[in-house]
Amino acid sequence: MTIADNRKARHDYFIEDRFEAGIVLEGWEVKSIRAGKVQMNESYVIVRDSELYLLNMHVSPLNSASTHIHPNATRTRKLLMHRQEINRLIGKVEIRGYTLIPLNLHYKNGKIKLEFGLAKGKKLHDKRDTEKERDWLREKDRIMKTNRL
């Protein structure tokens, strides 16, 4: 079940490969995420000291769940993956132009997981081509539908 999607990622990047990782969260963050108070629009994943970290994911604190602490909504969160997977990712990220972009947040067996992709940035003309292709497919469906009637 999906909690939050980063739809802008598919518009701005070519997604080459997808990966899934666990996230180290605090209790108030879990409650807020379950309530749907999370945004991933400007977030990204970095490699630091052979570990993966998620930056700029905004988790709004709940008033009822965070009364005794001072939550930081955009703190850096560590991602949990096997060492072999991280090493493979580090090798791919060092290739020029690749980056790690969060795609969605979802539940898996009661745990909150992050799906992120190995991506390459789109140029402006690539975005235009994608829009043109989408418009053509929409128009083609419209034409086919009127021909069937």
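In case you missed it, the structure is sitting above this.
Note that the coordinates shown come from a computational prediction; the quantities given were computed from them, not determined experimentally.

**A look at the packing of aromatic side chains**
Think of a pair of aromatic rings as described by two things: how far the centres are apart, and how the planes are tilted against each other in angle.
Link 1 in the chain: Tallied over the full model, the rule gives one aromatic pair.
Link 2 in the chain: Above the ring of Tyr53, the side-chain terminus of Arg48 is found at 5.1 Å from the ring centroid.
Link 3 in the chain: The ring centre of Tyr98 lies 4.7 Å from the NZ or CZ of Lys120, which sits over that ring.

**Details of the pattern of salt bridges**
Link 1 in the chain: Evaluation of the coordinates by the stated rule reveals nine salt bridges.
Link 2 in the chain: The shortest N-O distance in the salt bridge between Lys92 and Asp17 comes to 3.6 Å. With Lys92 in helix α3 (residues 83–93) and Asp17 in strand β2 (residues 13–23), the pair connects residues that are 75 residues apart, well separated along the chain.
Link 3 in the chain: Looking at Asp17, the relative accessible area reads 30%, which means it is partly exposed.
Link 4 in the chain: We note a salt bridge from Glu29 to Arg77, for which the minimum N-O separation is 2.8 Å. On the criterion of sequence distance, the pair formed by Glu29 in helix α2 (residues 27–34) and Arg77 in strand β7 (residues 77–80) is long-range, its members being 48 residues apart. Each member of the pair, Glu29 as well as Arg77, is classed as buried.
Link 5 in the chain: A network of salt bridges, in which partner residues are shared, links Glu26, Glu29, Arg75 and Arg77.

**Description of the environment of Arg48**
Link 1 in the chain: You can see Arg48 is positioned in strand β4 (residues 44–48).
Link 2 in the chain: The partly exposed category is assigned to Arg48, whose relative accessible area is 37%.
Link 3 in the chain: As for Arg48 and Ile90, which are separated by 42 residues in sequence, their C-alpha atoms are 9.8 Å apart.

What counts, and where the lines are drawn
Per-chain numbering applies: the sequence of each chain, read as written, is numbered from 1 onward. Under the rules for a predicted model, residues below a pLDDT of 70 receive no local features and side-chain atom pairs below 80 are neither given nor counted, while totals for whole chains, interfaces and linings still include all residues. Hydrogen atoms and water are omitted, and side-chain values are computed over all heavy atoms in the structure. Under the pairing criterion, centres of Phe, Tyr and Trp rings, with the six-membered ring standing for Trp, must be within 6.5 Å; the plane angle then separates stacked pairs below 30 degrees from edge-to-face pairs above 60, leaving the rest tilted. Criterion for a charge above a ring: Lys NZ or Arg CZ within 6 Å of the ring centre, and within 35 degrees of the ring normal. Salt bridge criterion: a side-chain nitrogen from Lys or Arg within 4 Å of a carboxyl oxygen from Asp or Glu. For helices the rule is a DSSP run of H or I covering at least 4 residues; for strands it is a run of E covering at least 2, with both sets numbered from the N terminus onward. For every residue, the accessible area obtained with a 1.4 Å probe (protein chains only) is divided by the maximum for its type, and the residue is called buried under 20%, exposed over 50%, and partly exposed between those limits.

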